[in-house]
Each structure stands twice: as C-alpha cells, then as structure tokens.
Amino acid sequence: MSKKLFLLVLLAFLACGMGAQAQGVYPSKPVTLIVPYPAGGPMDKLARELALPLAKQLGQPIVIQNLSGAGGNLGSAIALRAAPDGYTLLLNHISMATAPALYRRLGFNPETDFEPLGIMAESPLMLVTRPQISAGSAVELVRWIAKQPQVKLANGGIGSASHLCGLLLQSSLGIGMTTVPYRGTAPALADLLGGHVDLMCDLTANVLPQVFSGKTKPIGVTSRKPLSVPGASAIPTLEKFGIPSVQLGVWYGLYAPKNTPAEVQTRVNSALLAAIQTDAFKQAQLASGIDVVRDARNTPAGHREYLHSEIARWTPVIKAAGAYAD
C-alpha cells in the first residue's frame with residue numbers, strides 16, 4: 001500500500017470514529033415528549049411548563065406530541081414502541097399505577113415496560129360542593145349527607161383522578177353515594193355549578209377559579225398540609241376532619257422505553273432535576289396548587305419504588321369497587 005493510500009485510509013477511519021463518537025453524545029437532536037392527554041388540559045399545561053427549562057438543560061428542543069385516547073393508554077403504548085434511545089419520552093401521571101387494575105386488556109406493564117426517570121410534581125385534589133348546600137366543612141357535609149335520600153357524586157369518568165377520589169371518600173366515610181360519571185371533569189364541574197349534582201373532587205388547578213369566584217364551596221384538600229396558593233391557605237385538609245384515608249395526590253413522572261441506556265437515563269434525570277428547580281417552573285406550579293416534588297421520588301430508583309407501592313395501593317381499592325374502564 002502506498003503512503004498516500006495509507007494516509008487516505010487512516011483519515012477515513014478517524015473520520016468514522018469521530019462521527020460515531022459524535023452520534024453517541026446524547027442528545028444530538030430534538031427530543032419528543034409524548035403527552036397522552038389532549039392539548040389544553042392540566043397535563044399538557046405541565047408539559048409545556050416543563051419543556052422550556054428541560055430543553056435548556058438538554059441543549060435540544062423538546063417537541064410535545066399530544067396522543068390522547070383510551071384513558072391515556074394510547075399515548076403510553078406508542079411511547080412503549082419507540083426506539084429506546086432517549087429521543088422519545090413519556091409524561092404520565094397516577095394512571096400508570098391505576099391502569100393495571102382498571103383495564104383488563106391494558107397491553108403493557110407500567111413496571112416492566114418502561115424506565116422511570118423521576119417524579120416531578122404532585123397535585124392534591126379538592127372536594128367541592130354545589131353552592132346551595134349549607135355545609136362549610138367536612139363535618140357539616142357528613143351530617144348533610146346523612147339526611148339526604150340520595151347524594152350525587154360527580155366524576156370525570158372511570159379511572160379519572162376525581163373517580164379515584166370519590167372511591168376513597170366513600171370508603172373513608174362508609175357512606176354510599178350515587179356516582180355520576182362524565183366524559184371529563186369540565187362537564188362534571190359545569191353540572192356541579194348548575195346544581196345538577198351535589199359534590200365532586202377535582203384537581204386544584206381546575207376548581208380554584210370557581211372557588212375564588214364563589215361559584216362553588218370548598219370542603220377540603222386531599223393533601224397532608226393546606227395549599228400554599230395565596231387566598232386558598234385557609235381551606236383545610238380532609239385529614240383535619242377525621243378522613244385520613246383520603247390522601248390522594250395526582251403525581252406526574254417522566255418515562256423512557258424499556259432498555260434505554262443507563263447513561264441516557266442519568267442524563268435526562270439530571271436535566272429534569274435542574275428544570276423543576278427553576279423559578280419559572282416553581283412559580284407556575286404554585287399558582288395551580290401543585291407541589292414540586294423534592295424527595296427520593298425524583299430519582300429513577302425512587303420513582304420505580306413509588307410506582308410499585310401505588311400499584312399495590314390502588315389495585316384492591318379499584319377491584320373492590322368492581323369498576324373497569326374497558
């Protein structure tokens with residue numbers, strides 16, 4: 001081999017090696033974030049508030065893709081089939097823990113088919129009543145319920161957070177109510193304001209505007225401490241009124257397809273931790289009554305452990321109710 005030919009071969013080899021090395025640096029292109037619920041909803045809002053600081057940390061744009069359907073399972077199934085390279089991530093909430101019991105033909109296992117990357121935020125729910133009910137506390141509400149021939153408890157559909165809250169509420173109080181499911185919490189809340197149903201649980205972000213305007217009455221929140229939202233800190237916790245079992249937070253976590261490389265998982269988790277500590281992200285969550293998570297659940301291992309415990313918590317509750325979403 002001539003010296004000139006040898007140098008050409010050497011240069012080509014080095015170029016290939018440098019190219020492979022460059023391709024191995026994650027991320028080298030935009031990252032898709034699948035949101036398995038419609039645009040404009042609470043999860044979509046959270047995703048967009050996360051996308052900007054996360055993109056800054058990763059150095060690449062975050063492209064949000066809303067893939068709603070099947071109670072959030074459609075988007076999750078699509079994320080599952082994506083290449084395990086870190087360029088397709090999934091944002092999902094408590095449904096990853098409740099779906100295995102709610103759906104008899106789910107098609108995936110949240111514990112084994114995904115890599116948990118960290119839980120970032122948690123939103124309590126608020127129990128509210130139609131404005132005509134003369135009950136200003138959980139104690140007064142229980143007395144009112146005991147006197148009624150029928151109490152209508154609205155929810156946003158089987159498997160929704162409001163449905164789960166209703167199950168826990170009835171179990172805690174030992175009182176059965178007439179459950180009225182809707183196709184989403186928006187129409188349920190509209191009927192509550194119209195006086196067609198008596199009470200419901202919903203995310204604080206959804207009901208706070210109605211509470212502040214006096215269109216509905218707040219009874220309590222499902223967290224262990226009152227909200228930090230200005231003007232809402234006086235709303236008590238349900239635990240204060242002797243209903244400790246109604247501890248329900250809608251937590252939000254990030255996932256990657258199974259077998260995503262460990263170094264990619266670490267990179268995303270590091271970027272996530274930095275993103276959720278930015279002032280803009282924290283202020284946006286505070287305004288909606290959402291807590292930014294700062295505990296062991298931030299880590300992939302802690303996220304995995306918490307997901308397992310939540311599945312164990314919700315499976316017997318849902319099976320006892322005998323309500324399936326499919």
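Residues numbered from 1 in each chain as written. Predicted model: local features only at pLDDT ≥ 70, side-chain atom pairs only at ≥ 80, totals over all residues. Heavy atoms only, no water.

Asker: I'd like a rundown of the packing of aromatic side chains, residues and numbers included.
Answerer: What the rule picks out here adds up to 4 aromatic pairs. Between W251 and Y306 the ring centres are 5.5 Å apart and the planes differ by 75°, which places this aromatic pair in the edge-to-face class. Of the two residues, W251 sits in strand β9 (residues 249-257) while Y306 sits in helix α11 (residues 300-321), which places them 55 residues apart along the sequence. In this structure, K29 is placed above the aromatic ring of Y87, and the distance from its NZ or CZ to the ring centre is 4.7 Å. Positioned above the aromatic ring of Y306 is the side chain of R297, whose terminal nitrogen or guanidinium carbon lies 4.7 Å from the ring centre. (Phe/Tyr/Trp six-rings, centres within 6.5 Å; stacked < 30°, edge-to-face > 60°. Helix = DSSP H or I, 4+ residues; strand = E, 2+ residues; numbered from the N terminus. Lys NZ or Arg CZ within 6 Å of the ring centre and 35° of its normal.)

Asker: Go over the state of the cysteines with me, naming the residues and quoting the values.
Answerer: Overall, the coordinates contain 1 disulfide when judged by the stated rule. The disulfide that involves C165 links it to C201, with 2.2 Å between the sulfurs. Negative torsions about the S-S bond denote left-handed disulfides, and the value of about -45° found for C165 with C201 makes this one left-handed. Of this pair, C165 sits in helix α6 (residues 161-173) while C201 sits in strand β7 (residues 199-203), placing them 36 residues apart in sequence. Given a relative accessible area of 0%, C165 falls into the buried group. You can call C201 buried: its relative accessible area is 1%. (Disulfide = S-S within 2.5 Å. Buried < 20%, exposed > 50% of the residue type's maximum accessible area, 1.4 Å probe, protein only.)

Asker: Describe in detail the packing of helix α7 (residues 185-193) against helix α8 (residues 204-212), supporting the description with residues and values.
Answerer: Orientation of α7 relative to α8, taken along the N-to-C sense of each, is 25°, at an axis distance of 11 Å. Our classification of the angle between α7 and α8 gives roughly parallel. The crossing of α7 and α8 is right-handed. Along the contact surface, α7 presents T185, L189 and L193, while α8 presents N206, V207 and Q210. Here the contact of α7 with α8 is built from residues that sort into 3 nonpolar, 3 polar and no charged. (Axes fitted to C-alpha atoms, helices over the stretch in contact; angles between N-to-C directions. Parallel < 35°, antiparallel > 145°, perpendicular 65-115°, else oblique. Left-handed = near helix turned anticlockwise from the far one by under 90°. Contact = heavy atoms within 4.5 Å. Nonpolar A, V, L, I, M, F, W, Y, C, P; charged D, E, K, R; others polar.)

Asker: Give me the packing of helix α2 (residues 42-58) against helix α10 (residues 279-287): which residues, what numbers.
Answerer: Viewed as axis vectors pointing N to C, α2 and α10 meet at an angle of 160°, and their least axial separation amounts to 9 Å. Overall, the two elements α2 and α10 adopt an arrangement that is roughly antiparallel. Judged by the twist between their axes, the crossing of α2 over α10 is right-handed. The segment α2 lies against α10, with K45, L46, E49 and L50 engaging F281, A284 and Q285. Each residue belonging to the contact of α2 with α10 can be placed in one class, and the counts come to 4 nonpolar, 1 polar and 2 charged.

Asker: Any details on the pattern of salt bridges? Residues and values, ideally.
Answerer: Tallying each qualifying case throughout the model produces 7 salt bridges. Where R130 meets D198, a salt bridge forms, and the shortest distance between an N and an O atom there is 2.8 Å. Linking R130 in the loop between β4 (114-129) and α5 (138-147) with D198 in the loop between α7 and β7, this pair joins segments that are 68 residues apart in sequence. Neither residue differs from the other here; R130 and D198 are each classed as buried. (Salt bridge = Lys/Arg side-chain N within 4 Å of Asp/Glu carboxyl O.)

Asker: A description of the side chain of Q265 should follow, citing residues and the corresponding values.
Answerer: By the element assignment, Q265 lies in helix α9 (residues 262-275). Since its relative accessible area comes to 14%, Q265 is described here as buried. Among the polar contacts listed, one links the side chain of Q265 to the backbone oxygen of T260, at a separation of 2.8 Å. Once you skip the residues sitting within four places of it in the chain, Q265 turns out to touch E115, P116, L117 and T260. (Polar contact = N/O pair within 3.5 Å; in protein donor to acceptor, adjacent residues only side chain to side chain.)

Asker: An account of α11 is needed here, citing residue identities and associated values.
Answerer: A rise of 1.5 Å per residue sets the reference length of α11, with its 22 residues, at 32 Å; its end C-alpha atoms lie 31 Å apart and thus fit the reference within 8%. Within α11, the full set of buried residues consists of G302, H303, Y306, L307, E310, I311, W314, T315 and I318. Looking at the buried positions of α11, the neighbouring elements they touch are α4 (95-102), β4, α6 and β9. Just downstream of α11, G322 is the residue with a positive phi angle, here 65°. (Expected span 1.5 Å × (residues − 1).)

Asker: So what's going on with the nonpolar core? Which residues, and what values?
Answerer: Ranked by size, the top nonpolar core spans 79 residues in total, and within it M120, Y252 and L254 carry the most contacts. Element by element, the count of residues in this core is highest for α2, at 8 residues. Excluding residues that lie within four positions of it along the chain, L254 makes contacts with L33, L89, L90, L91, E115, P116, L117, G118, M120, V268, L272 and H303. A154, V207, V211 and L227 belong to the second largest nonpolar core, which has 17 residues in total. (Core = buried A, V, L, I, M, F, W, Y, C linked by side-chain atoms within 4.5 Å.)

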